[in-house]
Amino acid sequence: MSDPQLEQQLAALHLTAVKQHYVDQARQAAQANWSHETYLARLLDLETDRRTRNRRQRRIKEAKFPLRKELADFDFEAIESLNQQRILSLAEGAYLAQAEPVILVGNPGLGKTHLAIGLGLTACRQGQRVRFYTVTQLVNELTFAQQEHQLPKLLEKLQRYALLILDEFGYVPFSATGAQLLFQCCSALTEKVSLIITTNLPFGDWVQVLGDERLTSGLLDRLTFRSHIVEFAGESYRFRHQIGFDPQRR
Ligand code: ADP
Ligand code: MG
């Protein structure tokens, strides 16, 4: 039997699943002769499940992924240089607990962004706070925050994530201020927040986009300490999967 007063209390306590299920579970409890404890435990399980599901969805929404790319849809056979086991064990998430950086490096079209988003989605489902940026977006945000005297606030906000994904390092060179802000940001996050960086540039060429030797070596020092470096080699996946492409005929 439903009880309006009870429902009001459950709503006030945000026990949505309990409110939704207390009647049907009571019926089952009577049929199966559950103890009071079993009935209560059952309702709390439903409530916990609902909250876990909601939290995952909220995390994914907050991460602002530009696309939905799942690890499960990644064809590991296609990229010979990749060790599937290594990626899957990364996905288990120990790197997040240790705030270790992950650097995905290789030519365009090899699936770096796909893997970065896949790892990000997995982290969200583990309940972690994640945020996806292209490096350019982040640098713009940092620059704007600095102009508005809000940089410390932004850095503090970024430190509350478990994982920041910085996509496409190397496509666009930075201004001197941009490079400095990126460096400052990465320093503030070191050993607190995991970074996944995707880049087409080997480390030796990073100075070309950062424009300053000392800053580059400082940044690399922070990013490569206890990092997972994953190299992508081969031919663009996109290109190879164009219709009619036959590798034998090239
Ligand atoms: P990158 O970031 O290295 O330039 P992307 O991740 O953007 O490459 O990949 C380009 C496109 O090809 C995307 O649509 C991606 O989902 C797809 N793709 C790349 N590699 C794979 C792969 N190994 N398995 C499945 N899809 C892939
Ligand atoms: Mg990419």
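See the structure shown above.
The structure displayed is predicted, hence computed values, not measured ones.

A. Representation of the nonpolar core. Leu 142, Leu 158, Phe 169, Phe 174, Leu 182, Trp 206 and Leu 210 are the most contacted members of the largest nonpolar core, which totals 34 residues. Elements that contribute at least two residues to this core include exactly helix H7 (135-147), helix H8 (151-159), strand E3 (163-169), helix H9 (176-189), strand E4 (194-199), helix H10 (206-210) and helix H11 (213-224). Counting residues per element, this core draws most heavily on H9, which supplies seven residues. For Phe 174, the residues in contact, after removing those within four places along its chain, are Val 135, Val 139, Phe 169, Ala 179, Leu 182, Val 209 and Leu 210. In this structure, Ile 87, Leu 96, Leu 121 and Val 230 belong to the second largest nonpolar core, which totals 31 residues.

B. Quick look at the packing of aromatic side chains. Here the structure, examined in full by the defined rule, presents five aromatic pairs. When the centroid spacing of 5.4 Å and the interplanar angle of 70° are considered together, the rings of Phe 203 and Trp 206 count as edge-to-face. Every member of this aromatic cluster is reached through a ring pair, and the members are Phe 169, Phe 174, Phe 203 and Trp 206. Lying across the ring of Tyr 161, Arg 129 places its NZ or CZ 4.8 Å from the centre. Residue placement shows Arg 131 over the ring face of Tyr 133; its charged tip is 4.1 Å from the ring centre.

C. Inspection of the packing of H7 against H8 at higher detail. Running from N to C, H7 and H8 point in directions that differ by 140°, and their axes come no closer than 7 Å. If you check the angle between H7 and H8, you find them oblique. Each of Leu 138, Glu 141, Leu 142, Ala 145 and Gln 146 in H7 lies in contact with H8, whose residues at this interface are Leu 151, Leu 154, Leu 155, Lys 157 and Leu 158.

D. Seen up close, the environment of His 14. Locating His 14 in the fold gives a position in the loop between helix H1 (4-12) and helix H2 (16-32). C-alpha of His 14 to C-alpha of Pro 108: the two residues are 94 residues apart in sequence and 47 Å apart in space.

E. Highlighting the packing of H9 against H11. Where H9 meets H11, the axes come as close as 10 Å, and the angle between the chain directions of the two elements is 25°. The angle between the axes of H9 and H11 places the two elements in the roughly parallel class. The way H9 lies across H11 gives a crossing that is left-handed. Listed contacts from H11 to Ala 179, Gln 180, Phe 183, Cys 186 and Ser 187 of H9 are Leu 215, Gly 218, Leu 219 and Arg 222.

Cut-offs and rules
Residues numbered from 1 in each chain as written. Chains lettered and ligands numbered in written order. Predicted model: local features only at pLDDT ≥ 70, side-chain atom pairs only at ≥ 80, totals over all residues. Heavy atoms only, no water. Core = buried A, V, L, I, M, F, W, Y, C linked by side-chain atoms within 4.5 Å. Buried < 20%, exposed > 50% of the residue type's maximum accessible area, 1.4 Å probe, protein only. Helix = DSSP H or I, 4+ residues; strand = E, 2+ residues; numbered from the N terminus. Contact = heavy atoms within 4.5 Å. Phe/Tyr/Trp six-rings, centres within 6.5 Å; stacked < 30°, edge-to-face > 60°. Lys NZ or Arg CZ within 6 Å of the ring centre and 35° of its normal. Axes fitted to C-alpha atoms, helices over the stretch in contact; angles between N-to-C directions. Parallel < 35°, antiparallel > 145°, perpendicular 65-115°, else oblique. Left-handed = near helix turned anticlockwise from the far one by under 90°.

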